[in-house]
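Given next are the chains, with one letter for each unit.
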Amino acid sequence: MKKVVTVSLGSSKYDNTFKTHFLGQDFELVRHGADDDMTKAWELMRRNQGEGDAVALGDIGDHYQVGLNSVINKETKRLLNVVTRVPVTSGARLRRLLQVRAIRHVQHELGHYFNNNIVLFLSGMRNYDMAVAMSDYTKNLYFADALFQTGAPAMLHSLDQLELFAKGSKLLLPRVSREVLEKSLSGLKRAKAQAEVAKAHVVVGTYAELKAIGTVGNLSGKTLITSAVDDERLAFFKRCKVNLVIDVSPKLFDIVVGVHTLEAMILAKLGMPENEVSDDDFNEILDELQVKPRLLHPTGKFRDIRRFAFVIHPLSQEFIRKGFPIPKGTPKVIMNQIESLAAHMPPMVYCKMENIVSPTGAEAEGWLISVGGTPKEMLARSPEFTYRRLLMAAEMAEKLGAQIMGLGAFTKVVGDAGVTVARRARIPITTGNSYSASGALWAAADAMKRMGLVGIDPKTRKVQAKTMVIGATGSIGSVSARLLAMAFDQVVIAGRDLAKLEELKKSMLKDSPDADIVCSTDYDSLLCDMDMIVTSTSGAGKKILDITKVKPGCVITDVARPLDLPPEEVAKRPDVLVIESGEIELPTKVRGMKSIGLPNNVIYACLAETIVLALEGRFEVFTIGRDTEWPKVKEIYRLGLKHGMKLAAISGVGGVFSDEDIAKVKKLALTARKTWTLGSSAAPAVAPRKAAKKAAGTVAAKAVKTVKTVKAVKAAVPAKPAAKSAVKPAAKTPAKRASGKAA
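Residues numbered from 1 in each chain as written. Predicted model: local features only at pLDDT ≥ 70, side-chain atom pairs only at ≥ 80, totals over all residues. Heavy atoms only, no water.

### Thoughts on the packing of helix α19 (residues 433–451) against helix α24 (residues 630–642)
Here is the rule: Convention adopted: a line fitted to C-alpha atoms gives each axis, helices being fitted over their contacting stretch, and angles between N-to-C directions are expressed from 0 to 180 degrees. Secondary structure elements are defined from DSSP: runs of H or I of at least 4 residues count as helices, runs of E of at least 2 residues count as strands, and each element is numbered from the N terminus. Should an angle fall under 35 degrees it is taken as roughly parallel, and over 145 as roughly antiparallel, whereas 65 to 115 is taken as roughly perpendicular and any remaining angle as oblique. Here, two residues are considered to be in contact whenever any of their heavy atoms come within 4.5 Å of each other. Residues are grouped as follows: Ala, Val, Leu, Ile, Met, Phe, Trp, Tyr, Cys and Pro are nonpolar; Asp, Glu, Lys and Arg are charged; every other residue, Gly included, is polar.
Relative orientation of the contacting elements α19 and α24 amounts to 75 degrees, with a least axis distance of 8 Å. Compared by their axis directions, α19 and α24 come out roughly perpendicular. Of the residues in α24, those in contact with S434, Y435, A437, S438 and W442 of α19 are K632, V633, I636, Y637, G640 and L641. Its residues placed into classes, the contact of α19 with α24 shows 7 nonpolar, 3 polar and 1 charged.

The following block contains the structure:
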């Protein structure tokens, strides 16, 4: 039987003797506590070296390597040098290896768990190798070494700074001076450390360090990385409502054995001093033992919280007025100057969304970050102007701990539609166009069903109707056209470039060989025959279609931002249903979200895509550029359903459409069709002003009525690739919406 003696600087009340079997060898483990008395520890080390096959020294500072600098703990060295007859260790080597293995294991097992986390090391020098491993997943690293060793009220925030501090403190601060500084200003140090812990997502430290600064207020919901967690320590973490404790010390026995003791057992088994055993030797033994860190959930429930950011901006001067205390009577010339000035403002956090919980148990929280430019200001400048502000927003999001960022409204249209921003940013970027396309078809299919003016061919299962996509060669427009070609009798793809339209048609026919597809650059004459129209342009306020020529009862899905059809145009045709594509209802009641011009708990589809990717742990560039990929449209639709996303009530320029509102539009349409002839301009079924009040007027104040989402899609789409079409870059609120800031 091998015997290992452990001398700890901790309390002697925990002294014990324990027998076990390890690496094919019987062991007796004996612990002696020195009660924080160095002289007593020295005597215990001297007296017990002849009693065992190896000696372990615990609860004392390690030697460590910081970059190219070695830091030697003189007290540790003095105590270790007492033992000359058998192998002796403080466990520093094994602890370092276990720490790195723990980081890699958790990152893999929990799916990108550390990506862009804010990680606070209470001692970066002692945990340098772990910090290097963590830097592969996040740059948000903070080290409290300068605070605790010198009292400097600032964190080191990079490995370079940590290495420089380690080198400088060794050269410039004599040992006595360092000890004096470490013991001074304890109250201020503790207060500062507690504040930093509160801001972090992950905190790394010994149990003694964590207990000294930990409270329910700053440890609640955190992830802690420590070692040798026994029942007493776990109870403390439970009182502090800690979310996850990663114990780098594996529990190989019935009781918790410290890393220093475990390393001494390995040395005793090998019969070799520590300096003759390589890292590879230790790793081979750890692999043989299948050593894994312990993942402990003190509260009994693990909350896997992912974080996102989403960029919003004002759509017009009206939104700037709502965001700032600007008098209503401010002259237009002054407002123009304010609009220009707002475009140069740095990004700012508009609000933080919390409590987004998926049926799978995954959680998400995130920030809406506002940039000040309106579409008019963005178009008046080079794309680089907007790129730089979006990159500033991405940097802000990264520092907040966001793991993915979405681009809303016009920010995803400018320039190359997110490609440059995704290439330059250090966190993944998505425009949300895939879910916008999916949500648009979702909404259009539901609207067609609720209007009840078209049928479905029992043989082909296609909708017996004609549809048009204006702006079909754009990213969302092209996907919408593909989806509609699968679901409708005929699709007209309209745009300005006939060659691009013909190229799109060829591509569409590969997916839907039997589709009836018409290309048109002069589509006004075809409006009167359309049952559904999708507008997806970047016209920035230019007139896209003559609504007076549209067939009564037509469903128009306007997904452009700014809108292709402003409220005054929509008011001319109360017998036409104009929707702004499908907004998404979140699975749980969100906290902290300010108005984006939609009902409570309802968001735009592009924001929903960002949230769904966060919930899924898909921290990757998903949708960028002008060519939205059909497989991604299908995938994000499936992931949305998985995480509890629903199609919310259909909205128009006046707000949410209730069943009664849609019934009114249908009634007016049926009346208008009695006198309607193809090719004629439609006279409104009632006076425009009266119609606007009847059909759309005050619906913005009505409650959202959730739609049966899956049934809505199935009713309008064949059972082929789950059709998700029409389009909508759900990122901003309509130009004259009743409430809120642009999203």
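### Regarding the pattern of salt bridges
Using the following cut-off: Any carboxyl oxygen of Asp or Glu that lies within 4 Å of a side-chain nitrogen of Lys or Arg is treated as forming a salt bridge with it. Only protein chains enter the accessibility calculation, which uses a 1.4 Å probe; a residue whose area is less than 20% of its type maximum is buried, one above 50% is exposed, and one in between is partly exposed.
Applying the stated criterion across every chain yields a total of 35 salt bridges. Across the pair R424 and E384 runs a salt bridge whose closest N-O atoms are separated by 2.9 Å. One end of the pair, R424, is in helix α18 (residues 419–424); the other, E384, is in helix α17 (residues 383–400), with 40 residues separating them in the sequence. Among the residues examined, E384 registers a relative accessible area of 25% and is labelled partly exposed. The partner of K549 in a salt bridge is D524, with the nearest N and O atoms 3.7 Å apart. With K549 in the loop between β22 (532–535) and β23 (555–558) and D524 in the loop between β21 (516–520) and β22, this pair connects stretches of sequence that are 25 residues apart. Accessibility expressed as a relative area gives 28% for K549, which makes it partly exposed. Here the salt bridges share partners, and the residues they tie into one network are E43, R46 and R47.

### Here we look at a negative patch on the surface
Which entries qualify depends on this criterion: To count toward a patch, a residue needs a relative accessible area over 30% and no salt bridge; like charges are then connected within 9 Å, while nonpolar side chains (Val, Leu, Ile, Met, Phe, Trp, Tyr) are connected within 5 Å. We get accessible surface area from the Shrake-Rupley algorithm with a probe of 1.4 Å; when it comes to residues, only the shown protein chains can shield them. The charged-residue count follows a simple rule in which Lys and Arg add positive charge and Asp and Glu add negative charge, with His and chain termini not counted at all. By convention, charge coordinates are those of NZ in Lys, CZ in Arg, CG in Asp, or CD in Glu.
On the surface, a cluster of negative charge is contributed by D280, D281, E284 and E288. Mapped onto the fold, E284 is located in helix α13 (residues 279–289). When its relative accessible area of 56% is taken as the criterion, E284 is described as exposed.

### Looking at the sheet that holds strand β7 (residues 88–89)
How we decide: When DSSP finds two or more bridges between two strands, those strands count as paired.
Reading across from one edge, β2-β3-β1-β4-β7 is the order of the 5 strands in this open sheet, with mixed pairing throughout. The open sheet has two free edges, formed respectively by β2 (17–22) and β7, since each of these has just one partner strand. Across 6 bridges, the pairing between β2 and strand β3 (residues 25–33) is antiparallel. The residue bridging F18 from the neighbouring strand is L29, located in β3. Running at roughly 165 degrees to strand β4 (residues 54–58), helix α12 (residues 259–270) makes contact with β1 (2–8), β2, β3, β4 and β7 of the sheet.

### As for the pairing of β4
Counting buried positions over the 5 residues of β4 gives 5, a clear majority of the element. Across the two faces of β4 the burial is the same, with A54, A56 and G58 and V55 and L57 all buried. For β1 and β4, the ladder comprises 5 bridges, and the chain directions are parallel. Opposite V4, over in β4, you have A54 as the bridge partner. When β4 meets β7, the two strands line up parallel, connected through 2 bridges.

### So, the sheet that holds strand β15 (residues 348–357)
Across the sheet, which stays open at both edges, the 5 strands sit in the order β15-β16-β14-β17-β18 with mixed pairing between neighbours. Only two strands of the sheet have a single partner each, and these edge strands are β15 and β18 (429–430). Of the pairings in the sheet, the one linking strand β14 (residues 305–312) to strand β17 (residues 405–407) comprises 3 bridges and is parallel in character. The residue bridging A309 from the neighbouring strand is M405, located in β17. Packed on one face of the sheet, α17 meets β14, β15, β16 (363–370) and β17 and runs near 155 degrees to β17. Strands in contact with helix α23 (residues 605–616) are β14, β15, β16, β17 and β18; relative to β14, the strand with the most contacts, it is inclined by about 160 degrees.

### Digging into the packing of aromatic side chains
Stated precisely, the cut-off is as follows: Stacked, tilted and edge-to-face pairs are distinguished by plane angle, under 30 degrees for stacked and over 60 for edge-to-face with tilted covering the rest, among Phe, Tyr and Trp rings (Trp via its six-membered ring) whose centres lie within 6.5 Å.
Here the structure, examined in full by the defined rule, presents 10 aromatic pairs. Ring geometry for Y113 versus F302: centroids 6.0 Å apart, planes at 40 degrees, classification tilted. In this pair, Y113 sits in the loop between α3 (92–109) and β8 (119–121) while F302 sits in the loop between β13 (294–296) and β14, placing the two residues 189 residues apart along the sequence. A residue is classified by how much of its surface remains accessible, and F302, at 24% relative accessible area, is partly exposed. Seen in terms of ring centroids, Y207 and F236 are 5.9 Å apart; in terms of plane orientation they differ by 90 degrees. Their pairing is edge-to-face. With Y207 in helix α9 (residues 207–213) and F236 in helix α11 (residues 231–239), this pair connects stretches of sequence that are 29 residues apart.

### Regarding helix α15 (residues 332–343)
We count it as follows: Given a helix with a known number of residues, its expected span is that number minus one, times 1.5 Å. Starting at the helix axis, one direction is taken to each C-beta atom, and the arc is that of these directions.
With 12 residues, α15 extends 17 Å from end C-alpha to end C-alpha; this agrees with the ideal 16 Å at 1.5 Å per step. If you check which residues of α15 are buried, you get M335, E339, A342 and A343. Seen along its axis, α15 keeps its buried residues to an arc of 100 degrees; they face one direction. When the buried face of α15 is taken as reference, the exposed residues oriented beyond 90 degrees from it are V333, Q337 and L341.

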